[in-house]
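Observations on chain architecture
Each chain is listed here by its residues.
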Amino acid sequence: MADTVILSQGNTFACNFVWTPGTTGPANLTTTTITSTLEDKCGHSYEMTVTKALDGLSFIVSYPGDTSDWSLGLGKWDIKFVFPGPPSAVSRTEIFRVNVIESVTA
């Protein structure tokens, strides 16, 4: 089951993630390519900005634009990791749900 993020329409969108190295994966994400896209309830896609820490142990996914035009309701968001080889690159995607809600206070 995907985790759900709740966002008030018009708010800033940014999430910080920490990489915890496993026994078989990379020690950090310095050579890993990370991309991310959010698709709102009406199917509009928004490319996210991914900023990795210099040590490769954390990264921030953010949207540089205005979220006030994101459709209300449940959308989907993914983060794609491409780990370099050898022998070949390995791709993995984490999927989240984003519930865009109306702000109560103007």
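Right, let's walk through the structure included here. (Residues numbered from 1 in each chain as written. Predicted model: local features only at pLDDT ≥ 70, side-chain atom pairs only at ≥ 80, totals over all residues. Heavy atoms only, no water.)

Here we look at the overall build of the protein chain
The line we're drawing: Segments assigned H or I by DSSP are reported as helices when at least four residues long, segments assigned E as strands when at least two residues long, and all are numbered from the N terminus. The rule is simple: take the accessible area with a 1.4 Å probe, protein chains only, and divide by the maximum for that residue type; under 20% is buried, over 50% is exposed, in between is partly exposed. Any pair of residues with heavy atoms lying within 4.5 Å of one another is described as a contacting pair. The protein chains shown are the only cover counted for residues, whose accessible areas, like all others here, come from Shrake-Rupley with a 1.4 Å probe. In summary, the charge assignment counts Lys and Arg as positive and Asp and Glu as negative, without counting His or the chain termini. Where a charge lies is defined by one atom per residue type, namely NZ (Lys), CZ (Arg), CG (Asp) and CD (Glu).
Summing up its helical and strand segments, the protein chain has zero helices and eight strands in all. Each helix and strand of the protein chain, ordered N terminal to C terminal, gives the series β-β-β-β-β-β-β-β. Expressed along its principal axes, the backbone C-alpha trace of the protein chain runs to roughly 50 × 25 × 25 Å. The 106 residues of the protein chain split such that 27% are buried. Long-range pairs, those at least 24 residues apart, make up 61% of the contacts in the protein chain with a sequence separation of at least 6. Taken as a whole, the protein chain presents about 6,700 Å² of accessible surface, with 54% of it coming from carbon and sulfur. Taking the average location of the 6 positive side-chain charges in the protein chain and that of its 10 negative ones, the two points are 9 Å from each other.

What to know about the pattern of salt bridges
For clarity, the threshold we go by: Any carboxyl oxygen of Asp or Glu within 4 Å of a side-chain nitrogen of Lys or Arg constitutes a salt bridge here.
Applying the stated criterion to the full structure yields two salt bridges. A salt bridge links Glu39 to Lys76; the shortest N-O distance between them is 3.6 Å. Placement of the pair is Glu39 in strand E3 (residues 33–39) and Lys76 in strand E7 (residues 73–83), with a sequence separation of 37 residues. Judged by relative accessible area, which is 27%, Glu39 ranks as partly exposed. Residue classification places Lys76 among the partly exposed positions, given a relative accessible area of 41%. Between Glu94 and Arg92 there is a salt bridge, with its nearest N and O atoms 2.6 Å apart.

So, the pairing of E7
Spelled out, the test is: Note on pairing: DSSP must find at least two bridges between two strands before they are called paired.
Both E3 and E7 contribute to a ladder of seven bridges, which runs antiparallel. Across the sheet, residue Thr37 finds its bridge partner in E7, namely Asp78. Of the strand pairs in this sheet, E7 and strand E8 (residues 90–101) are connected by 11 bridges, and their pairing is antiparallel. Residue pairing across strands places Phe83 opposite Val90, the latter belonging to E8.

A short note on the sheet that holds strand E4 (residues 45–47)
Keep this limit in mind: Axes, fitted as lines to C-alpha atoms, cover a helix only where it is in contact. Angles between the N-to-C directions of the axes lie from 0 to 180 degrees.
With mixed pairing, five strands are arranged side by side in an open sheet as E1-E8-E7-E3-E4. Because the sheet does not close on itself, it has two edges, and the strands there are strand E1 (3–8) and E4. The mean angle between the axes of side-by-side strands here comes to 25°, regardless of whether they run parallel or antiparallel. Sheet topology places E3 next to E4; three bridges connect them, and they run antiparallel. Within E4, the position partnered with Thr37 by the bridge is Glu47.

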